Amino acid sequence: MDEEIKKDEQKSELELAQQKADEYLNNWKRERADFINYKKEEMERMAKLMQYGKEDMIEKFLPIIDNIYLAVKHVKDDGLAQIQKQIEEFLKKEGIEEIKTEGEKFNPETMEVMGEAEGGEAGMVAEELQKGYMMSGKILRPAKVRISK
Amino acid sequence: MSKILGIDLGTTNSAMAVVINGEPQIIENKEGARTTPSIIAMSKSGERVVGVLAKRQAITNHENTIFSVKRLIGRKFSDKEVQRDKKNLPYEIKESADGGVDVKMGDKWLNPAEISAMILQKLKADAEAKLGETITEAIITVPAYFDDAQRKATKVAGEVAGFDVKRVINEPTAAALAYGLNKKKDEKIIVYDFGGGTFDISILDVGADTIEVKATGGDTHLGGDDFDQKLMDWIVEQFKKEQGIDLAKDNLALQRIKEASEKAKIELSSSLETEINLPFITSGSDGPKHLLMKLSRSQFEQMVGDYIDKSIDLVKQTLKEAGLEANQINEVVMVGGQTRMPKIIAEVKALFGKEPNKEVNPDEVVAIGAAVQGGIMQGNVKDVLLLDVTPLSLGIETMGGVSTVLISKNTTVPTAKTQVFSTAADSQPSVEIHVLQGERPMAQDNKTLGRFMLDGIPPAPRGTPQIEVAFDIDANGILNVSAKDKATNKTQSIKIEGSSGLSKEEVEKMKQDAELHATEDKKKQESIETKNLADSVVYTAEKTLADNKDKVAEDAKKDAEAKITALKDAQKTDNIEDIKTKTKELSDLMQKIGAELYKADPKAGPQATPPTPENEINPESEDEKKPEAEEGEVKEKE
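Just so it is clear, the model here is predicted, and its values are computed rather than measured.

A. Here's a closer look at the overall build of chain A. For chain A, the helix and strand inventory stands at two helices and six strands. Taken from N to C terminus, the helices and strands of chain A fall in the order α-α-β-β-β-β-β-β. Counting every position in chain A, which comprises 149 residues, the buried fraction comes to 13%. For chain A, contacts bridging at least 24 residues in sequence account for 56% of all contacts bridging at least 6.

B. Representation of the overall build of chain B in the model. Within chain B one finds 16 helices and 27 strands. A total of 638 residues make up chain B; the buried ones form 40% of that total.

C. Spatial organisation of the sheet that holds strand S5 (residues 138–141) of chain A. Residues and elements named next belong to chain A. Taking strand neighbours across the sheet as the criterion, the three strands line up as S1-S4-S5 in an open arrangement whose pairing is antiparallel. Strands with a single pairing partner mark the edges of an open sheet, and in this sheet they are strand S1 (96–98) and S5. Across this sheet, the average inter-strand angle for adjacent strands is 35°, counted without regard to direction. Across three bridges, the pairing between strand S4 (residues 133–135) and S5 is antiparallel. Each bridged residue has a counterpart across the sheet, and for Met 134 the counterpart in S5 is Ile 139.

D. Molecular detail of the pairing of strand S11 (residues 137–142) of chain B. All names here are of chain B. Taking burial as the measure, the six residues of S11 include five buried ones, the bulk of the element. With five bridges joining them, strand S1 (residues 4–8) and S11 adopt parallel strand pairing. Across the sheet, Asp 8 pairs through a bridge with Thr 141, a residue of S11. Sheet analysis places S11 next to strand S12 (residues 164–170), joined by six bridges and oriented parallel. Bridge pairing in S12 places Ile 139 opposite Arg 167. Regarding topology, helix H4 (residues 148–160) serves as the crossover connection from S11 to the parallel S12, and that connection is right-handed.

E. View of the interface of chain B and chain A. Taken together, the 16 residues of chain B in the interface contact 18 residues of chain A. Every element with two or more residues in the side of chain B that touches chain A is listed here: helix H1 (52–56), helix H7 (251–267) and strand S16 (273–284) of chain B. Per-element tally for the side of chain B that touches chain A: the top contributor is H7(B), with three residues. Looking at side-chain class alone, the side of chain B that touches chain A contains seven nonpolar, seven polar and two charged residues.

F. Structural context of the packing of helix H3 (residues 112–131) of chain B against H4(B). Residues and elements named next belong to chain B. One way to put it is that H3 packs onto H4 with a least axis distance of 8 Å and a crossing angle of 50°. Considering their axes alone, H3 and H4 lie oblique with respect to each other. Of the two possible hands of crossing, H3 and H4 adopt the one that is right-handed. When H3 is examined against H4, the residues Pro 112, Ala 113, Glu 114, Ser 116, Ala 117 and Leu 120 are found in contact with a partner set consisting of Ala 153, Thr 154, Val 156, Ala 157, Gly 158 and Val 160. Residue classes in the contact of H3 with H4 are distributed as eight nonpolar, three polar and one charged.

G. Spatial organisation of the sheet that holds strand S26 (residues 491–496) of chain B. Residues and elements named next belong to chain B. Spatially, five strands are ordered S26-S25-S24-S21-S27 in an open sheet, and the strand pairing comes out mixed. Among the strands making up the open sheet, the edge pair consists of S26 and strand S27 (616–617). Two strands pair when backbone bridges link them, and strand S21 (residues 415–423) and strand S24 (residues 467–473) are joined in this way by seven bridges, in the antiparallel orientation. Paired with Lys 417 across the bridge in S24 is Phe 471.

H. Highlighting the packing of helix H6 (residues 224–243) of chain B against H7(B). Residue and element names in this part refer to chain B. At a closest axis distance of 9 Å, the pairing of H6 and H7 adopts a crossing angle of 120°. What the angle tells us is that H6 and H7 run oblique. Remark: the crossing between H6 and H7 carries right-handed chirality. Here Phe 227, Asp 228, Leu 231, Met 232, Ile 235 and Val 236 of H6 lie close against H7, whose contacting residues are Ile 257, Lys 258, Ser 261, Glu 262, Ala 264 and Lys 265. Per-class residue counts for the contact of H6 with H7 are seven nonpolar, one polar and four charged.

I. Geometry of the environment of B:Lys484. Residues and elements named next belong to chain B. Among the structural elements, Lys 484 can be located in strand S25 (residues 479–485). Assessed through the 19 C-beta atoms surrounding it within 10 Å, Lys 484 is described here as partly exposed. Placed 63 residues apart in sequence, Lys 484 and Phe 421 show a C-alpha to C-alpha distance of 9.9 Å.

J. Local environment of unusual backbone geometry. Residue and element names in this part refer to chain B. With phi around 50°, Phe 280 is a residue other than glycine that occupies positive phi space. Tracing the chain through its elements places Phe 280 in strand S16. Positive phi is not limited to glycine here, since Asn 489 has a value of about 65°. By the element assignment, Asn 489 lies in the loop between S25 and S26.

K. Just the pairing of S26(B), in detail. Residues and elements named next belong to chain B. Note: S25 against S26, six bridges, orientation antiparallel. Bridge pairing in S26 links Leu 479 to Ile 496. What sits between S25 and S26 in their antiparallel hairpin is a turn of five residues, with Asn 489 showing a positive phi close to 65°.

L. Molecular detail of the nonpolar core. Residue and element names in this part refer to chain B. Ranked by size, the top nonpolar core spans 105 residues in total, and within it Ile 7 and Tyr 192 carry the most contacts. Looking at this core, the element that brings in the most residues is H3, giving eight residues. Taken together, domain 1 (4–179) and domain 2 (224–303) each give at least three residues to this core, which thus spans both. Among the nonpolar cores identified, the runner-up in size contains 25 residues, and Ile 396, Val 469, Ile 473 and Ile 617 belong to it.

The rules we used
- Residues numbered from 1 in each chain as written.
- Chains lettered and ligands numbered in written order.
- Predicted model: local features only at pLDDT ≥ 70, side-chain atom pairs only at ≥ 80, totals over all residues.
- Helix = DSSP H or I, 4+ residues; strand = E, 2+ residues; numbered from the N terminus.
- Buried ≥ 20, exposed ≤ 12 C-beta atoms within 10 Å, placed from the backbone.
- Contact = placed C-beta atoms within 7 Å.
- Pairing = 2+ DSSP bridges.
- Axes fitted to C-alpha atoms, helices over the stretch in contact; angles between N-to-C directions.
- Right-handed = clockwise from strand over helix to strand, strands pointing away.
- Nonpolar A, V, L, I, M, F, W, Y, C, P; charged D, E, K, R; others polar.
- Parallel < 35°, antiparallel > 145°, perpendicular 65-115°, else oblique.
- Left-handed = near helix turned anticlockwise from the far one by under 90°.
- Core = buried A, V, L, I, M, F, W, Y, C linked by C-beta atoms within 7 Å.
- Domains from an automatic or database assignment.

Here's what the structure looks like:
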């Protein structure tokens, strides 16, 4: 009788151990699969990150470009105008587009209102105060505009 | 199983996160940002816009742009907070039929929950687009001081947005969860939350399986925005003093100053000085004017000192209300972007005498915690295997007393790393493996975990024997270091238990030490590297001369010997530049000699390869050879 109980115990112990072994093996497989999938996702993320890095860099550079535009506006000088042209060409080459505002209707997706102006059709852009830029369809920075009342 | 979205529905900004593969992650919104302004607007053309788009049109549409609705949700119109805020809000509010608040947007009156629902709806849609699956379940956080009505209204907002709100949890609790502090039984935690527009303090008591809020405090109208405003005011005032022009009336200039002050504030968290550089800020009677100012961290700290002092006073007050002393607090958690300011961290640290938890992005920690709560409810965080990381780098001492890292800090364990080293002298019979822990480049500045000898290395020239050193940390944090001579297969090893058994403070101290000494360490390291290089050039030169005794021209040989002696003498000094020059001279000469040798006998074997000191282990460690000889210099008492 005792022996039978012992046998039963052994059996269940064995079953338990087998169950555990299965579970562990399964988890191990899962972990491996997770890791391989993770690696694939990581590759995609890396590509995105490179893009982000570029965007971030350009974004930080934009205020300096703004200042050059301001300088061109205030100081009438051919040399400065040439620098502006260089910048424009550089941006174009890097796939960065200016957001068109002139004659456009205000659109919060691409523009930010800084104030209102008299005259003109209500809700239309009256004046561009600061250029906005897009890079591969993503807004780097909205254009700052004044709109007609 | 669908995911539960954790949402931090903030006064100024909101954020969301989910648990993916057991890890909480922030979900970006459609615009690609990790936080979304909690702003809703009815545009002039009657369209509803949410988040950053609403912010972009706010200036010309302020009466239809609703922000800070969290200040109104679930409140009675007669509440003194509502009456106070009413004056500052550009949009219209009125008492609703049930005594609550109604907000006017466009031509409609809405209750605050409906407006919050619009923000939540956007978050839901953006999360679904990002994750590519339907999200129905959410956990939303609220301030600890929110009463039943405010919590209920927040839940209703979630439901209106189409969520099944699994739970409304406290923001400080979420922050504690993000740091896994729910596992610390019987601990008292203080959460210091300095957001954009509000300052909240919460004291939590972690019980067996609950987190209880013991006390709350703060100021609903103190925040990082006040810091920005202070800085803007200062810039405007300075400019007025210098140029006599008031920029406060120039919207465009103000906008540029606002952006520049935010940038300056952020920069001053990592550097000691910043420059505010805004050319062509305005035009005077005598042409364009430029704004250029320097601002130091301490200047800025003085500017906002009152705000920081106030926050610390409020913390003390809250402690008093909870009947606690500062030293009874076990953990401090930092929340909100403003807590990145070093002065705030220092003040909080000084008050509690311990390092605050601040590793998780303070703008995101609440949303992360909400996602963790979701994960716990689904059981997919609980089951996750918790893997430790090595808090500090582990390595061995190599030639010149340099600490060579094998396993760098923050490596997830279990892990193993093997690297082949060699001897530092000819016929070196043994190597001593000196196991080190720490971030400093020199062995003597790091902690010794253990050492052992591997002897019986057959006589061989320096750099020839291959000693394979293996580091293995198992899942229990036990470090096994072994060294094997590949020629004889002779192996020695050591087992170090509790290699990461340092307390948080000790680890933090060692990391700080490394930062503190970074410059001098770098110099020391460079000096050792230069000396090591000189040493290996001398070795190679001597070997080449000895191997080609009869082939090298006599005058070249004399020249080389003179240069070797000169370099050896230079090595005894600490004149690094001199050693560098002499090393180069010798090495150039040896190259010439080598070329001559090759010309004379093109079939001759290759020159002796110069040894690589960073891969060489001494017969005994340097710090034992030179007991405190160098330390004497820095000892200066009174």
